[in-house]
Amino acid sequence: MKTHTDTGAPWYPAHLWPYTYTHGDTELLCFIDYEPADRSTGYAGAAWLIHAYAGGVDVIDLLKDAIIRDIEEGAACSLLLD
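Enquirer: Explain the packing of aromatic side chains to me, please; I cannot follow it from the model alone.
Expert: A ring pair, where both rings are aromatic, is described by two values, the distance of the centres and the angle of the planes. Enumeration over the complete set of coordinates arrives at one aromatic pair. Ring centres of Phe31 and Tyr53 lie 6.0 Å apart, and the angle between their planes is 80°; on these two criteria the pair is classed as edge-to-face. Residue Phe31 is located in strand β2 (residues 26-35), and its partner Tyr53 is located in strand β3 (residues 46-54); the two are separated by 22 residues in the primary sequence. Tyr53 matches Phe31 in its accessibility class, with the two residues each being buried.

Following this line, the structure appears as structure tokens:
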């Protein structure tokens, strides 16, 4: 039996990490592509924002670069702690 993860987005991309970004009273449901760190080579890892949903609408094309960087940095820190 399959279980369904309801993340509030129209489609849950199973290969991406869900991350909730909050700024003031604005909340975005984000989906992140993530590559973990490899300490043996000194690679710090990276996170890339793929989708950002507000009210079920993907608004990634409307976000400023600074907000995208903030989301990616926050997601990367969050994923490192998991």
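Enquirer: How should I be thinking about a nonpolar patch on the surface in this particular structure?
Expert: Taken together, Tyr43, Trp48 and Ile50 make up a surface patch of nonpolar side chains, about 250 Å² in accessible area. Take Trp48: it is sitting in strand β3.

Enquirer: Explain the environment of Phe31 here, please?
Expert: Judged by its relative accessible area of 0%, Phe31 falls in the buried class. The spacing of Phe31 and Ala75 is 44 residues in sequence and 9.3 Å in space, taken between C-alpha atoms.

Enquirer: What exactly am I supposed to notice about the confidence of the model for the chain here?
Expert: For the chain, per-residue confidence averages 83 on the pLDDT scale, and 83% of positions sit at 70 or higher. Across the chain, element-level confidence peaks in β3 with a mean pLDDT of 93 and bottoms out in helix α1 (residues 65-81) with 89. pLDDT under 50 marks residues 1-5. Its contacts with residues more than four places away, or in other chains, come to one contact.

Enquirer: Which parts of the structure should I look at to understand the nonpolar core?
Expert: One recurring pattern in soluble globular proteins is that nonpolar side chains are buried together. Grouped together as the largest cluster of nonpolar side chains are 17 residues, with contacts concentrated most on Leu28, Cys30, Ile32, Leu49, Ala52 and Ile71. Those elements giving two or more residues to this core turn out to be β1 (17-23), β2, β3 and α1. Of the residues forming this core, the biggest block, five residues, is contributed by α1. Among residues more than four places away in sequence, those in contact with Ala52 are Leu28, Leu29, Cys30, Val57, Asp58, Val59, Ile60 and Leu63.

Enquirer: Mind showing me how you'd approach the environment of Leu80 here?
Expert: By secondary structure assignment, the location of Leu80 is in helix α1. Its relative accessible area of 45% is what places Leu80 among the partly exposed residues. Distance in space between the C-alpha atoms of Leu80 and Ala37 is 8.4 Å, their sequence separation being 43 residues.

What counts as what
Residues numbered from 1 in each chain as written. Predicted model: local features only at pLDDT ≥ 70, side-chain atom pairs only at ≥ 80, totals over all residues. Heavy atoms only, no water. Phe/Tyr/Trp six-rings, centres within 6.5 Å; stacked < 30°, edge-to-face > 60°. Helix = DSSP H or I, 4+ residues; strand = E, 2+ residues; numbered from the N terminus. Buried < 20%, exposed > 50% of the residue type's maximum accessible area, 1.4 Å probe, protein only. Patch = residues over 30% accessible without salt bridge, like charges linked within 9 Å, V, L, I, M, F, W, Y side chains within 5 Å. Areas by Shrake-Rupley, 256 points an atom, 1.4 Å probe, with all protein chains shown as cover. Salt bridge = Lys/Arg side-chain N within 4 Å of Asp/Glu carboxyl O. pLDDT = per-residue confidence, 0-100. Contact = heavy atoms within 4.5 Å. Core = buried A, V, L, I, M, F, W, Y, C linked by side-chain atoms within 4.5 Å.

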